Amino acid sequence: MICDNMKVGENGHLFFAGQDTVALAQEYGTPLYLMDEARIRENCRVYKDAFRKYFGPDAKAIYASKANSFKQIYRIMKEEDMLIDVVSSGEIYTALAAGYDIANAYFHSNNKTDWDIAYAMDHGIGCFVCDNVEEVKVVEREAAKRGIIQKVMLRLSPGIDPHTYEEVATGKVDSKFGSAIETGQAEEIAVFTKDQPHLDLIGFHCHIGSMVFADDVFERAGVVMLEFIGLMKEKYGFVTKELDLGGGYGVRYVEDDPYLDVETKVSEVAAACKEACARLGIDLPLIHMEPGRSIVADAGMTLYTVGTVKRIPGYKNYVSIDGGMPDNPRYLMYKSKYTCLPANKMNEACEMACSVVGRCCESGDIIQENVKMPESIGRYDTVAVCTTGAYNYSMASNYNRLPRPAMVMLRPDGTSYVVVRRESLEDLVRNDV
Ligand code: LLP
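Residues numbered from 1 in each chain as written. Predicted model: local features only at pLDDT ≥ 70, side-chain atom pairs only at ≥ 80, totals over all residues. Heavy atoms only, no water.

Some thoughts on unusual backbone geometry
Next, step 1: Omega for the peptide link from Thr30 to Pro31 comes to -10°, which places this bond in the cis form.
Next, step 2: By the secondary structure assignment, Pro31 is in the loop between helix H1 (21–28) and strand E4 (32–36). (Helix = DSSP H or I, 4+ residues; strand = E, 2+ residues; numbered from the N terminus.)

Now the structure itself:
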């Protein structure tokens, strides 16, 4: 099993977070997103403990809520004393609706509208992570209007290749995000921002990429950022309070993926940063990181019901399930790997090679290719797709007018509760006139 919150029960069913997935599929219907509450909390604690241990007692972990955003996740983040990263007024609204105090939120995005900026400020956003000078100017103007001093950070691109898929590599010089250190634009925007009367420039941010396993990516990013911080001190006497190294640690989707030990990784990043500070003669700023995927991915699983199995002798086999690219577009977008399991037939040998495909009118609607399923798989069987807690529900659509699935939270005591209701057919036409 790719994660220790999964096992096979005596009845041959797949259990997730201690609960029978086949029974859950029957109770709530499919497609169904499951979330393991204890695992989410545990993942938060791993980060919080590591940050406190290696970055200092004031260091906090930030949950990048784009990975999975719904009201209950913000309640859990509040209970776990996690800060959050938000990227839109929609995420801010969801957090507020859950009673999360957005004074603890960092507002990212490379293109916040004037409306977003005003909305966030009206609700007391903690910090804007400004991407560009146009945004800095609007934040200054809105802060001046309200007579407040607004905390901001600046997103910089340190010019580091994270060795992951291109769509999520974001810290290179030619990225659409942030101001490049290499070209001098970072210095320019930092000087401009620090002199704005209604802005408190607390520090700098970078995000190199997502699904990162490569060894020293965060260390190198930290060093480049600290060298910039050193330059800002030397040239302008500017003292940086916070350095946010972004998110991005990879998780295991399939057996071949490496296992990444967060505590060890954080200790290595901290060591590289401390060494750089000593060399540069600067104090260590308060260091943050903002994981998304590695907080929620392995806490999630999606259950589907098989509809049809198509065998094309001499060619290939298809197992069609009752969801697909609308609830999980990641194979289509990134050829992402997933582990697919026959949840009600876990004790049967998996000897039939097949593609697990969705129900949309689109050949690319594939959950996974080169899967092995039992020969007996057929209509009404349950298929589980593992590690879907990140970037599945948050990237879901209504393509082909398919209602989005429900999401159910599993408690360690064997109970479960709905955190996102299944969309109804009426929901689909709610905004149609
Ligand atoms: N901070 C910033 C500024 C980000 O842009 C992201 C992710 C994170 C933190 C969190 O990164 P994580 O720890 O989750 O890797 N849709 C893609 C992933 C896009 C990531 C976007 N930014 C996928 O499904 O693989």
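Some details on the site of the ligand
Next, step 1: Close to the ligand lie 20 residues; Ser210, Glu290, Arg293, Arg330 and Tyr391 are nearest.
Next, step 2: At a separation of 2.7 Å, an oxygen atom of the ligand approaches a polar backbone atom of Arg293.
Next, step 3: The separation between a nitrogen atom of the ligand and a polar side-chain atom of Tyr334 is 2.8 Å.
Next, step 4: For the ligand, whose free accessible area comes to 580 Å², the fraction covered by protein is 90%.
Next, step 5: Across the shell around the ligand, the residue classes break down as 7 nonpolar, 7 polar and 6 charged. (Near = heavy atom within 4 Å. Polar contact = N/O pair within 3.5 Å; in protein donor to acceptor, adjacent residues only side chain to side chain. Areas by Shrake-Rupley, 256 points an atom, 1.4 Å probe, with all protein chains shown as cover. Nonpolar A, V, L, I, M, F, W, Y, C, P; charged D, E, K, R; others polar.)

Here we look at the packing of helix H4 (residues 89–97) against helix H5 (residues 114–122)
Next, step 1: Two numbers describe how H4 lies on H5: the axes approach to 10 Å, and their chain directions differ by 20°. The orientation of H4 with respect to H5, classified from their angle, is roughly parallel. As for the relative orientation of H4 and H5, their crossing is left-handed in sense. For the pair H4 and H5, contact is made by Ser89, Ile92, Tyr93 and Leu96 and by Trp115, Asp116, Tyr119 and Ala120, respectively.
Next, step 2: Of the residues in the contact of H4 with H5, the class split is 6 nonpolar, 1 polar and 1 charged. (Axes fitted to C-alpha atoms, helices over the stretch in contact; angles between N-to-C directions. Parallel < 35°, antiparallel > 145°, perpendicular 65-115°, else oblique. Left-handed = near helix turned anticlockwise from the far one by under 90°. Contact = heavy atoms within 4.5 Å.)

Examining the environment of Val87
Next, step 1: Following the sequence through the fold, Val87 ends up in the loop between strand E6 (83–86) and H4.
Next, step 2: Judged by relative accessible area, which is 26%, Val87 ranks as partly exposed.
Next, step 3: C-alpha of Val87 to C-alpha of Gly9: the two residues are 78 residues apart in sequence and 40 Å apart in space.
Next, step 4: Apart from residues no more than four positions distant in its own chain, Val87 is found in contact with Lys66, Phe107, His108 and Ser109. (Buried < 20%, exposed > 50% of the residue type's maximum accessible area, 1.4 Å probe, protein only.)

Remarks on the packing of helix H7 (residues 185–194) against helix H8 (residues 217–236)
Next, step 1: At a closest axis distance of 11 Å, the pairing of H7 and H8 adopts a crossing angle of 55°. If you check the angle between H7 and H8, you find them oblique. Seen from above, H7 lies across H8 with right-handed handedness. Of the residues in H8, those touching H7 at Ala186, Glu187, Ala190, Val191 and Lys194 are Phe228, Leu231, Met232, Lys235 and Tyr236.

Description of the sheet that holds strand E1 (residues 6–8)
Next, step 1: Here 3 strands make up an open sheet; going across it, the order is E1-E2-E3 and the pairing antiparallel. Strand pairing shows two members of the sheet lacking a second neighbour, E1 and strand E3 (19–20), which therefore form its edges.
Next, step 2: Relative to E3, strand E2 (residues 14–16) runs antiparallel, the two sharing 2 bridges. Bridging from a neighbouring strand, Phe15 pairs with Asp20 of E3. (Pairing = 2+ DSSP bridges.)

Some thoughts on the packing of aromatic side chains
Next, step 1: For the structure shown, the criterion picks out 11 aromatic pairs.
Next, step 2: A ring pair is formed by Phe70 and Tyr393, whose centres lie 6.5 Å apart and whose planes are at 80°; its orientation type is edge-to-face. Residue Phe70 is found in the loop between strand E5 (62–64) and helix H3 (71–79), and its partner Tyr393 is found in the loop between strand E19 (382–386) and strand E20 (406–410); the two are separated by 323 residues along the sequence.
Next, step 3: Ring geometry for Phe218 versus Tyr249: centroids 4.5 Å apart, planes at 50°, classification tilted. Placement of the pair is Phe218 in helix H8 and Tyr249 in the loop between strand E12 (242–244) and helix H9 (262–280), with a sequence separation of 31 residues. Assigned by exposure class, Phe218 and Tyr249 land together as buried.
Next, step 4: Members of the aromatic cluster, connected to one another through ring pairs, are Tyr33, Phe70 and Tyr393.
Next, step 5: Here Lys112 stacks its cationic end above the ring of Phe107, 5.4 Å away from the centre of that ring. (Phe/Tyr/Trp six-rings, centres within 6.5 Å; stacked < 30°, edge-to-face > 60°. Lys NZ or Arg CZ within 6 Å of the ring centre and 35° of its normal.)

Regarding H5
Next, step 1: Those residues of H5 not exposed but buried are Asp116, Ile117, Ala118, Tyr119, Ala120 and Met121.
Next, step 2: Those residues of H5 that are buried lie in contact with H4, strand E7 (105–107), strand E8 (127–130), helix H6 (133–146) and strand E9 (150–157).
Next, step 3: Remark: Gly124 follows H5 within two positions and exhibits a positive phi of approximately 80°.

A short note on the pattern of salt bridges
Where charged atoms from two side chains of opposite charge come close, those side chains can pair.
Next, step 1: Applying the stated rule across the entire model yields 30 salt bridges.
Next, step 2: With a closest N to O distance of 3.4 Å, Asp200 and Lys241 form a salt bridge. One end of the pair, Asp200, is in strand E11 (residues 199–205); the other, Lys241, is in the loop between H8 and E12, and 41 residues separate them in sequence.
Next, step 3: Asp200 sits in the partly exposed class, given a relative accessible area of 25%.
Next, step 4: According to the relative accessible area criterion, Lys241 is partly exposed, its value standing at 47%.
Next, step 5: Several salt bridges converge on common partners, so that one network encompasses Glu37, Arg41, Arg45, Lys48, Glu79 and Glu80. (Salt bridge = Lys/Arg side-chain N within 4 Å of Asp/Glu carboxyl O.)

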